Amino acid sequence: MSEPDYGAPRGMPAELERALAAEVSLRSRMRYVAVGLAGGCAAVLIAVLWATEPQTLPVRTQAVFAGLIAVGLAWAAVAAWALTRRRPLYAQDQVVGARLALAVSTVTGIVGTALASVRGTTTAALTTALVGIALTATAGVLLARARSRRRELLRLRDVLHGDCA
């Protein structure tokens, strides 16, 4: 069997070819398989737990279960999207993943802090808020890095394609 064609034009400069090799490598694809399986399995596990409850759960518990299922399915969808692309994504997959991480960490931090404020002590609310801020800040840094990497790869592609033309 021959290697799949990822849309790389013939005569591509070696520098761009090296930069894109990591984008379509087996290691990169296996990471997405792991992310997809983890998200999908988490969603299925929570759905099965929810479906097999002998009594109706409180509305807020149902909302949390639905949210967790949505997050798991979102990660599985991101992984499926990245795995089905037959060409380099120029780090677009990293930007999408970082956006998802930022959204999930922000919502989780806000909801967790609100719940801790209503149901817990001041210390619990403060701790939850600080953890939420730390996770959201980390996701924000990852998003900035992913955007920067994407811009750099696209710039490199444009410069090198200009040299080839």
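In what follows, the structure referred to is the one given above.
Since the model is a prediction, treat every value here as computed from it, not as a measurement.

(A) Quick look at helix 3 (residues 59-84). For helix 3, spanning 26 residues, the distance from its first C-alpha to its last is 37 Å, which sits close to the expected 38 Å at 1.5 Å a residue. The complete set of buried residues in helix 3 reads F65, I69, G72, A76, V78, A79 and A82. If you follow the buried residues of helix 3, they end up packed against helix 2 (26-51) and helix 4 (92-119).

(B) Geometry of the side chain of D93. By the secondary structure assignment, D93 is in helix 4. Buried within the structure, D93 lacks any salt-bridge partner; its nearest side chain of opposite charge belongs to R31, at an N-O separation of 7.2 Å.

(C) Region of the structure containing the environment of T113. For T113, the position within the fold is in helix 4. Put simply, T113 and L126 are 13 residues apart on the chain and 7.6 Å apart in space, counted from C-alpha to C-alpha. Residues in contact with T113, not counting those within four places in the same chain, are A125, T128 and A129. Of the polar contacts made by the side chain of T113, one reaches the backbone oxygen of G109; its length is 2.7 Å.

(D) A look at the pattern of salt bridges. One pass over the full model with this rule turns up two salt bridges. Here R155 and E152 are joined by a salt bridge, their closest N and O atoms 2.5 Å apart. Separated by three residues within a single helix, R155 and E152 lie in helix 5 (residues 122-164), roughly one turn from each other. The partner of D158 in a salt bridge is R157, with the nearest N and O atoms 3.2 Å apart. Residue classification places R157 among the partly exposed positions, given a relative accessible area of 24%.

(E) Inspection of the environment of L143 at higher detail. You can see L143 is positioned in helix 5. For L143, a relative accessible area of 8% corresponds to the buried category. Along the primary structure L143 and A101 are separated by 42 residues, whereas in three dimensions their C-alpha atoms are 8.6 Å apart. Those residues in contact with L143, other than ones at most four positions away along the chain, are V95, A98, R99 and L102.

Reading the values: rules and limits
Residues numbered from 1 in each chain as written. Predicted model: local features only at pLDDT ≥ 70, side-chain atom pairs only at ≥ 80, totals over all residues. Heavy atoms only, no water. Helix = DSSP H or I, 4+ residues; strand = E, 2+ residues; numbered from the N terminus. Expected span 1.5 Å × (residues − 1). Buried < 20%, exposed > 50% of the residue type's maximum accessible area, 1.4 Å probe, protein only. Contact = heavy atoms within 4.5 Å. Lys, Arg positive; Asp, Glu negative; His and termini not counted. Salt bridge = Lys/Arg side-chain N within 4 Å of Asp/Glu carboxyl O. Polar contact = N/O pair within 3.5 Å; in protein donor to acceptor, adjacent residues only side chain to side chain.

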